[in-house]
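Residue-level structural notes
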Amino acid sequence: MGSMTQRNILRAYGDREGDGMVQMSFTLRILPGDRAREVAKRFAEAHGLREPLVTAMEQASREHTYFVVYGHSQHGVDTSDIEVEELAAQPLTRDQIEEQAKKLGRKIVVVGACTGSDAHTVGIDAILNYKGFAGEKGLESFKCIDAHNLGAQVENAELCEKAKALGADALLVSQVITQRNCHKENAAALVELATRQGFRDKVILLLGGPRIDHNLAVELGFDAGFGPGTKPITVASFLVERLVGRV
Amino acid sequence: MTTVPVEQEKVEACRAFAADIADDVQRFIDRHTTVGVERTVARAYGVVGADAEGTPLANALVDRIHKAGQVGRGVAYHLGRALCEGAASVQEAAEMLAFSEAADFGPGPSAAEARGAIEAATREAIARIDSARDEREANKAAHRVGTAPLKYVIVATGNIYDDAVQAKAAGFAGADIVAVIRATAQSLLDYVPEGPTTEGYGGTYATQENFRIIRRAADEATRDTGTYLAQTNYSSGLCMSEIAWMAAVERLDMLLNDAMYGILFRDINMQRTFIDQYFSRRIIARSGIVINTGEDNYLTTADAVEKAHTVLASQFINEAFARRAGLREELMGLGHAFEINPWLEDSLLFELAQAQLVRQIFDRHPIKWMPPTKFKTGDIFHSHVHDAMFNLVGITTGQSIALLGMFSEAVHTPLLMDRYLSLKSARYIFTAARHLGDEIQWKPGGIVESRAREVLDKAHALLREVERETLWDAIGRGAFGDVKRTRTGGKGYSGVVARHPEYLNPILEVLERSSS
């Protein structure tokens, strides 16, 4: 480990230390030719590539050309500046989750919805529904989880009612639409409502969506936040750890 | 031609089981209708438009009849009755029934009288399907049509005008078929949105106007390249049959349409789905559209080696349902997929065996071959290699429709460049290995032959079981895709209605009389 003051510059490594070799591929609305090749080179240079070499230039439509360019990236990154916490722990495996959850002696009840005016269920469906997303099965596929997807445009009051009726361990709120920060207001309103109704401390509140991250969710009063690319197993793992503890 | 041994008696037994399974459900279908079916009938009769909030008149009309408890007579009865009682047109009748206080859902004229009043409109509705079909067939006859495997690519920008640009680019790059992926969760909307749409998440809404926009772009690409560019969309979800009608009159070539997909993967009520799939397929059969079934999805939730036989069993069932809706084999694009864990030893041989088996059993069917998705990661370079193996199996086993894999699968909806490279790879492999399948024979008793035998045996056993317990209960215990659904659970159940003894649906009657 270097000291905090020592700079440690990383550059892309291709064939030799420090050569900065990278490739990029892209499409431009221009037809192939010498001029197009020059355009592609300039485009690469504008991205910081020195001595760009256009290795492919093929017409991909009536108006577009596809390019591959190699070049020496001039950029380096000082790693001593980077402050990112490594995730404390890897998510549990599916088997570990099922095994751990047995200690609870019952199923974990999860209720999810897109709240307010939001009609975009892609996120909540990906996390909750059996089919999940990109081959990652949703919470419904876990034996230890009883998942209820209330769908879209669910009002906070309705979500709270349903959560109480089902004896929910966790509420999953998805907010995709972000016009004028309505996602924040709506999410904060849920926390307030749950607090007023006296069950905030009895449930785990999770917030998800493309513009959500953990810090924002915590700031809004949730227990955790999940951004784009979150896998259902990560959520399942989080819930089991919260409710039962780690393996 | 490379073949795997197929026991013909076993295949016939599978078909017999599937026939019994479908007959049991068909008896139920024939005694019921749904709000979706009735909205389709209304649209076919020319009911158009939506209110300021976007609620289609077809919905307002059928919802009101449903509230009055009179859907079981059929929307045709109510429209015909309103015509008898003085409405000047079907549209006027629909507006009156949807909104007027004068609307009467009590005892009225006989079904025969209502039928007489709506007879001309029935003829017009059927003529619209027929003329669109004739126009499509003429257009195809005037151009080159691609050779199998047809190269099928998806566009999914969310904006229909960008979709049109991408569709034309795909045609230029060698695509035979272009599918506009629907906006996520449209299948759960109990209405079809109106007009052109420019915002959608994960895809673009299926609307009649959007169908027209892509048809226009595909026709332009066809004229431009000389090769016919076919158009596909989704006749699935709660508006399965309405979309089938729109696709039929807007000259679409193919539709994703499955007897069980919505039940399993969208949690749509099974009664609703069975009834809706029947009417949608009646329209599809008349229109000459090729259906694409969704068995590939089973392998994304269940293991592709362990559960390969569920795909085959489901194909027999989809075939049986399709037959009962008047589809001929040449319109049945039964689906299956290349979804085995690529890191499994000999996974390629298993894929070959399964693909070849399906090809041989359904020899007249335009089999739909789906690319890997489940084991795709953000490593686009490896993903491209994975798709190449899929292409190789597709050409070797003579699949009919190849939905080409995208190297950016699991990253984002395909960019123009992604589609270009995918088409280039398919062109290379389909050319380089064009007659590979004709030149090779599988080792007797080897891995490929044994695997094919095993899958057929297991499908046979599963079908025997499903026949004994009925399809309703088989789905209830998770026989397909490892997903369990109940008979009255899921979305859209409240839209299922028993037919009245005098149920009137003259359009369905015409469709049932015609064979495709």
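Check the entry above for the structure.
I will try to describe carefully the structure that is included in this document.

Conventions and cut-offs
- Residues numbered from 1 in each chain as written.
- Chains lettered and ligands numbered in written order.
- Predicted model: local features only at pLDDT ≥ 70, side-chain atom pairs only at ≥ 80, totals over all residues.
- Heavy atoms only, no water.
- Helix = DSSP H or I, 4+ residues; strand = E, 2+ residues; numbered from the N terminus.
- Buried < 20%, exposed > 50% of the residue type's maximum accessible area, 1.4 Å probe, protein only.
- Core = buried A, V, L, I, M, F, W, Y, C linked by side-chain atoms within 4.5 Å.
- Contact = heavy atoms within 4.5 Å.
- Expected span 1.5 Å × (residues − 1).
- Polar contact = N/O pair within 3.5 Å; in protein donor to acceptor, adjacent residues only side chain to side chain.
- Salt bridge = Lys/Arg side-chain N within 4 Å of Asp/Glu carboxyl O.
- Pairing = 2+ DSSP bridges.
- Axes fitted to C-alpha atoms, helices over the stretch in contact; angles between N-to-C directions.

Take unusual backbone geometry next. The phi torsion of most residues other than glycine is negative, and most of the peptide bonds are trans. Residue and element names in this part refer to chain B. Cis geometry is adopted by the peptide bond preceding Pro149, which originates at Ala148 and carries an omega value of -5°. In this structure, Pro149 sits in the loop between helix H7 (119-141) and strand S2 (150-155). Positive phi is not limited to glycine here, since Asp267 has a value of about 50°. Its location among the elements puts Asp267 in the loop between helix H11 (261-265) and helix H12 (270-287). Residue Asp267 is classed as partly exposed on the basis of its relative accessible area, which comes to 25%.

Before going further, it helps to spend a moment on the nonpolar core. All names here are of chain B. Formed by 145 residues in total, the largest nonpolar core has its most connected members in Leu61, Leu79, Met260, Phe274, Leu471 and Phe480. Beyond its immediate stretch of four places on either side in the chain, Phe274 contacts Val25, Ile29, Ala259, Met260, Ile263, Phe321, Leu471, Trp472 and Ile475. By size, the runner-up hydrophobic cluster in this structure holds 35 residues, among which are Ala173, Ile214, Ala218 and Ala433.

Once that is clear, we can look at helix H8 (residues 160-172) of chain B. Residue and element names in this part refer to chain B. The end-to-end C-alpha separation of H8 is 18 Å, in line with the 18 Å expected for 13 residues at 1.5 Å each. Among all positions of H8, only Ile160, Asp163, Ala164, Gln166, Ala167, Ala169, Ala170 and Gly171 are buried. The distance from a side-chain oxygen at the start of H8 to the backbone nitrogen of Tyr161 is 2.8 Å, and the residue carrying that oxygen is Asn159. Of the residues flanking the end of H8, it is Gly174, one or two places downstream, whose phi is positive at about 110°.

All right, on to the pattern of salt bridges then. Taken as a whole and assessed by the stated rule, the structure comprises 48 salt bridges over all chains. Notably, a salt bridge pairs A:Asp223 with A:Arg200, separated by 3.1 Å at the nearest N-O pair. With A:Asp223 in the loop between helix H6 (214-219) and strand S10 (224-226) and A:Arg200 in the loop between helix H5 (182-196) and strand S9 (204-208), this pair connects stretches of sequence that are 23 residues apart. Like A:Asp223, the residue A:Arg200 is buried in the burial classification. For B:Arg323, the salt bridge goes to B:Glu319, with nearest N and O atoms at 3.6 Å.

On to the sheet that holds strand S3 (residues 49-59) of chain A. Residues and elements named next belong to chain A. In spatial order, the strands read S2-S4-S3; together these three strands make up an open sheet with antiparallel pairing. The open sheet has two edge strands, strand S2 (21-28) and S3, and neither has a second partner. Mean inter-strand twist for the sheet, computed between neighbouring axes without regard to direction, equals 20°. The sheet contact formed by S2 and strand S4 (residues 65-73) spans eight bridges and is antiparallel. Paired with Phe26 across the two strands is Phe67, which belongs to S4. Lying on the sheet, helix H1 (residues 34-46) is in contact with S2, S3 and S4; it crosses S3 at an angle near 135°.

Interpretation in functional terms is not warranted from these geometric data alone.
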